[in-house]
Amino acid sequence: MIARFVLIGILIGGLAGWITGYFFTGIVSGAVIGGLFYLLKGKSNGEPVERSEEANHQKFDLKEEELDIRKKRVVTGDVKVRKEVVETEKTLKIPVKREEMVIETADEEEIRIPVKEEEVHIRKQPVKIAEVDVTTEQVEEMKTIKAPVKKEVLDIDVSGDADVKENNENH
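Just so it is clear, the structure is predicted and the values come from calculations on it, not from any experiment.

Each value, and the rule that gives it
Residues numbered from 1 in each chain as written. Predicted model: local features only at pLDDT ≥ 70, side-chain atom pairs only at ≥ 80, totals over all residues. Heavy atoms only, no water. Helix = DSSP H or I, 4+ residues; strand = E, 2+ residues; numbered from the N terminus. Areas by Shrake-Rupley, 256 points an atom, 1.4 Å probe, with all protein chains shown as cover. Salt bridge = Lys/Arg side-chain N within 4 Å of Asp/Glu carboxyl O. Buried < 20%, exposed > 50% of the residue type's maximum accessible area, 1.4 Å probe, protein only. Patch = residues over 30% accessible without salt bridge, like charges linked within 9 Å, V, L, I, M, F, W, Y side chains within 5 Å. pLDDT = per-residue confidence, 0-100. Contact = heavy atoms within 4.5 Å.

A.B. asks: Would you explain the overall build of the protein in this entry?
C.D. replies: A tally of regular secondary structure across the protein gives two helices and zero strands. Carbon together with sulfur atoms contributes 53% to the accessible area of the protein, which is approximately 19,000 Å² in total.

A.B. asks: Where do I start with the pattern of salt bridges in this structure?
C.D. replies: Charged atoms that come close allow side chains of opposite charge to pair. Per the counting criterion, the structure on display carries three salt bridges. In this structure, Arg-70 and Asp-68 form a salt bridge, with 2.9 Å as the shortest nitrogen-oxygen distance. Residue Arg-70 is classed as exposed on the basis of its relative accessible area of 70%. Classification of Asp-68 by relative accessible area gives exposed; the value is 56%. Among the salt bridges present, the one from Lys-128 reaches Glu-131, with a minimum N-O distance of 3.1 Å.

A.B. asks: Would you mind showing me how to read a nonpolar patch on the surface here?
C.D. replies: Among the surface-exposed residues, Phe-60, Leu-62, Leu-154, Ile-156, Val-158 and Val-164 lie close enough to one another that they form a single nonpolar patch of about 520 Å² accessible area. Within the secondary structure, Leu-62 is located in the segment after α2 (23–41). Residue classification places Leu-62 among the partly exposed residues on the basis of a relative accessible area of 34%.

A.B. asks: Just to check I follow, could you spell out the confidence of the model for the protein for this structure?
C.D. replies: Low pLDDT marks regions whose predicted coordinates should not be analysed in detail. On average, residues of the protein score 80 in pLDDT, and 74% of them are at 70 or above. Note that residues 43–49 has pLDDT below 50 and, in this model, seven contacts with residues that lie over four places away or in other chains.

This is the structure:
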């Protein structure tokens, strides 16, 4: 009898595996499902199959989500640094010497004396007044990130006089 259920499971699993591209996986899973169906359904004469102690023992895998934190550098803006020429007018008082002609003669003789004075010439030249370093630096700060995560917990509903012993090791 079990062979019939396993064979049907192999055929159905093989067909499902052939459709999905996992033929051998489908055959194996079909055989397992057929065997389990035989155990659950019982023998063909309608009598229940005797179950061992292991058949009364079931395990649940409880899962919870973990956060996978990854960081990537993104450009949040840019800064343009350039020199700009600003023109202002300076007013300076510079002492300038000049000669004045003083003529003191009693006779009618003409005297020519060259008169000189200082002329102011302006020459401009750049002079370093400051040195500016432009760099970027890494600043580390702590950010608090909140994200909802799901967790499976065991929910036990007891009806009637069922005796339930809880072992709180894994949940």
